[in-house]
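# Structural overview for review
Spelled out, the chains give:
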Amino acid sequence: MVASWLKSRGLIVEAYTGETGDRRPEFEQALLHNQVKALVATSALGMGFDKPDLAFVIHYQMPGSVVAYYQQVGRAGRALESAYGILLSGKEETDITDWFINSAFPTRQEVADVIDALENEPAGLSVPELMGKVNLTQGRIKKTIDLLSLESPAPIAKQGSKWQLTAAKLTEGFWDRADRLTALRREEQRQMQDYIKLPFAEHMRFLIQALDGEPKTVSFPLLPPLPLDVDEGLVLEAVAFLRRTSLPIEPRLLWPAGGMPQFQVKGKISFDLQSQPGKALCVWGDAGWGGFVRQGKCHDNFFSDALVKACVAMIHKWNPEPAPKWVTCVPSLRHPDLVPDFAKRLAVALGLPFHMVLIKTSNRPEQKTMANSTQQAWNIDGSIAVYVNKLPEGPVLLVDDLVDSRWTMTVSAWLLRKYGSGEVWPIALAQSGHE
């Protein structure tokens, strides 16, 4: 998204992440030969990459430690007399670094859950099987297993694709190390927070001193300080950019490991019963439409007409083919009127009929309380049904407020297709995530 924004300003940039794949060498060469202004990169751009004449490094949010920051900003100016190192600091970055600190080690409860699950399965469990046994994300399960398996002696061991308990027990030394490292990360975070508060010309001195260097060797910056004021017109354009930017909702192709027992399905989802690719208007809480969605869901119990207009614009720009002939929505027992009311107003604005054809048949825990994909799938297994004898003809626009795991959309689309609808085009107001 950052790269797309910069491109909209006329800058030649590329996004570089772990998912860039085969194009990574191409982008690296483009930067080396000054064919791009910048790479908007994650840490996937490894420390081995070297461009001696790099004139600036901009950090979009604060790194977690002085060491990480110095390694990254130190790419700039290696063969130049001077270069800019720019750190953009936002109020959300403390939450982000807190999340990384808090999630670096499993909790005692997470370890207990994994060990209890393995105790009940002498033949062992694979990671997908553990996801069905414990309400933890796949990432949390893998982190717990990885760290436990590195202990000496290790309380778990891998046999083939499955993890089993050993005779060894986890000692308090594991938790002591976790506490020490967590305290160290907190100190590193505090150090970076001190860094961003410094006046001009004090930053390099602070970094050198923090890394046990000699701060007296630091010279006064040769380049003038950059302006700190904000162009309010540019901010408005950035908000407008976010409001024009939609996010894809990819269809699920497989049922979860173990299938959906109540719906009596497993394995691949038949192609003719899958949803089509969909669209989400925004990211939950973002500076575009995300705040409007959060306000409507959490405070007003009503989604504004501005969101209706935004979705109409998104759908017209998207132009799905074959075009939807009617509109329906995902049902809810907790908020029975919230999404239907929005979907009805959206249907009117699109000039399409609205039909409420899906019903929630049982009250289940909120999807956000389910930590992994398997738990989320099973949480809605058998809980949605078609309650009309005959569905309207033609493709349908399937509306929901939030999309996360996509299982609610997947099941709803599967039911609609199974009972005779045309292609199902999912849309959601916001894309959310547990993290």
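Report on the accompanying structure. No experiment lies behind these values; they were computed from the predicted model shown. Per chain, residue numbering runs from 1 following the sequence as it is written. Two thresholds apply to this predicted model, a pLDDT of at least 70 for residue-level local features and 80 or more for giving and counting side-chain atom pairs, whereas whole-chain, interface and lining totals are computed over all residues. Each side-chain value is worked out from all heavy atoms of the structure, with water and hydrogens disregarded.

### So, a nonpolar patch on the surface
What goes into a patch is any residue over 30% in relative accessible area without a salt bridge, connected to like charges within 9 Å or, for nonpolar side chains (Val, Leu, Ile, Met, Phe, Trp, Tyr), within 5 Å. Methods summary: accessible areas were calculated by the Shrake-Rupley approach with a probe of 1.4 Å, and residue burial reflects only the protein chains presented. What makes a salt bridge here is a side-chain nitrogen of Lys or Arg within 4 Å of a carboxyl oxygen of Asp or Glu, nothing more. A cluster of nonpolar side chains, V2, I58, Y60 and L88, forms an exposed patch at the surface whose accessible area comes to about 380 Å². Put simply, DSSP H or I for four residues or longer makes a helix, DSSP E for two residues or longer makes a strand, and each gets a number counted from the N terminus. For I58, the location among the structural elements is in strand β3 (residues 56–60). Exposure categories follow from relative accessible area, calculated using a 1.4 Å probe and restricted to protein chains: below 20% of the type maximum is buried, above 50% is exposed, and the middle band is partly exposed. I58 gets classed as partly exposed once you look at its relative accessible area, which sits at 46%.

### Considering the nonpolar core
Side-chain atoms within 4.5 Å link the members of a nonpolar core, which is a set of buried Ala, Val, Leu, Ile, Met, Phe, Trp, Tyr and Cys residues. By size, the foremost hydrophobic cluster in this structure holds 30 residues, and its most contacted members are W255, M260, L358, V411, W414, L415 and L416. At the level of elements, β7 (247–249), α14 (373–380), β11 (384–386), β12 (396–403), α15 (407–418) and β13 (424–431) are the ones that each hand at least two residues to this core. Sorting elements by how many residues they give to this core places α15 first, with seven residues. In contact with L415, not counting residues within four places along its chain, are F263, L358, I384, A385 and V386. With 28 residues, the next largest nonpolar core counts C311, M314, W318 and C329 among its residues. The contact definition used throughout considers only heavy atoms, calling two residues in contact when any of these lie within 4.5 Å.

### Considering the pattern of salt bridges
Under the defined criterion, the tally for this structure stands at 18 salt bridges. Across the pair R190 and D194 runs a salt bridge whose closest N-O atoms are separated by 2.3 Å. Of the two residues, R190 and D194 are both situated in helix α8 (residues 172–196); the distance of four residues between them amounts to about one turn of the helix. Assessed through its relative accessible area of 37%, R190 is described here as partly exposed. Taking the shortest distance from any N to any O, the salt bridge between E202 and R205 comes out at 3.8 Å. A single network of salt bridges, built from pairs that share partners, joins E187, R190 and D194.

### Let's talk about empty space enclosed by the protein
Throughout, the protein atoms alone are placed on a 1 Å grid, and a set of points is a cavity if a 1.4 Å probe fits but cannot get out or a pocket if it is open with protein on both sides within 12 Å along at least five of seven lines; lining residues have an atom within 4 Å of a point. Grid points are joined across faces, edges and corners, and a volume is the space filled by probe spheres set on the points. A full pass over the atoms with the stated rule returns two cavities of 30 Å³ or more. Each pocket or cavity is described by its volume, and for the largest cavity that value is around 40 Å³. Residue lining of the largest cavity: I249, E250, P251, R252, S275, Q276, R406, M409, T410 and P426, and that is the complete set. Throughout, the ten residues Ala, Val, Leu, Ile, Met, Phe, Trp, Tyr, Cys and Pro are labelled nonpolar, Asp, Glu, Lys and Arg are labelled charged, and all others, Gly among them, are labelled polar. Looking at the lining of the largest cavity residue by residue, the classes come out as four nonpolar, three polar and three charged. There is about 30 Å³ of room inside the second largest cavity. Around the second largest cavity sit P251, R252, I269, L273, Q274, S275, T410 and A413, which together line it. In terms of residue class, the lining of the second largest cavity is built from four nonpolar, three polar and one charged.

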